[in-house]
Amino acid sequence: QVQLVESGGGLVQAGGSLRLSCAASGRTFSSYYLGWFRQAPEKEREFVAYINWNGFSTSYADSVKGRFTISRDNGKSTAFLQMDNLKPEDTAVYYCAAGSTVSGRGFEYQYWGQGTQVTVSS
């Protein structure tokens, strides 16, 4: 099993930056692709960013492209989400997830952290 713990959330002003971390324990970290997701109150969870096992392939939601950067350090078993030029609409609980299965339904994430709150004031 893999356990994920997010950290780095907080309150920032619009235009500011935050760096989220996702610390993993359990199985070999590099065996998994990783994703960041977020969920605002009264809204459904949405995809934010993806990174493959070696960090050479990434993708982003249109809403964060050009502002957020996903990365990973397999030696430290940690994933990151660098968030720049934050906007009030970025306010949400951010979740780190890990998966190892790709099917006709797309990428499946088997493991999830408990989330970290990001609040952007205007």
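First, a word on what this report is: a plain description of the structure on this page. Along each chain, the written sequence defines residue order, and numbers are assigned to residues from 1. Side-chain atom pairs in this predicted model are given and counted only at pLDDT of 80 or more, local residue features only at pLDDT of at least 70, and totals for whole chains, interfaces and linings cover all residues. Side-chain metrics in this entry use all non-hydrogen atoms of the structure; hydrogen atoms and water are not considered.

Let's shift gears to the overall build of the chain. The helix and strand tally for the chain stands at zero helices and 13 strands. Under the DSSP-based scheme used, a helix requires at least four consecutive residues in state H or I and a strand at least two consecutive residues in state E, with every element numbered from the N terminus. Of the regular secondary structure in the chain, the N- to C-terminal order runs β-β-β-β-β-β-β-β-β-β-β-β-β. Its C-alpha atoms give the chain a radius of gyration of 14 Å, near enough to 14 Å, the size a compact globule of 122 residues would have. Taken along the three principal axes of its C-alpha coordinates, the chain extends 40 × 30 × 25 Å. Evaluated residue by residue, the chain yields a buried proportion of 41% over its 122 residues. Once local pairs closer than 6 in sequence are excluded, the contacts in the chain between residues at least 24 apart make up 56%. When the accessible area of the chain is evaluated, it comes to approximately 6500 Å², of which 47% is carbon and sulfur surface. A distance of 6 Å separates the average location of the 11 positive side-chain charges in the chain from that of its 10 negative side-chain charges. Computation of the radius of gyration draws on C-alpha atoms alone. For the globule rule, the value is 2.2 Å times the number of residues to the power 0.38. Only protein chains enter the area calculation, which uses a 1.4 Å probe; residues under 20% of their type maximum are buried, those over 50% are exposed, and those in between are partly exposed. A contact between two residues is defined here by any heavy atoms of the two lying within 4.5 Å. Only the protein chains shown count as cover for residues, with accessible areas throughout obtained via the Shrake-Rupley method and a probe of 1.4 Å. Residues counted as positive are Lys and Arg, residues counted as negative are Asp and Glu, and His and the chain ends are not counted. Taken as the charge centre is NZ of Lys, CZ of Arg, CG of Asp or CD of Glu, depending on the residue.

If you look at the biggest cluster of nonpolar residues, it comprises 30 residues, and the most contacted ones within it are Leu4, Trp36, Val48, Phe68, Leu81, Met83 and Tyr94. Among the secondary structure elements, those contributing two or more residues to this core are strand 1 (2–7), strand 3 (18–26), strand 4 (33–39), strand 5 (46–51), strand 7 (68–73), strand 8 (78–83), strand 9 (92–99) and strand 13 (116–121). Not counting chain neighbours up to four residues away, the residues in contact with Leu81 comprise Leu18, Arg19, Leu20, Trp36, Val48, Ala49, Phe68, Thr69, Ile70 and Tyr94. To form a nonpolar core, buried Ala, Val, Leu, Ile, Met, Phe, Trp, Tyr and Cys residues must be joined to one another through side-chain atoms within 4.5 Å. If you look at the next biggest cluster of nonpolar residues, it comprises five residues, including Tyr33, Phe37, Ala97 and Tyr109.

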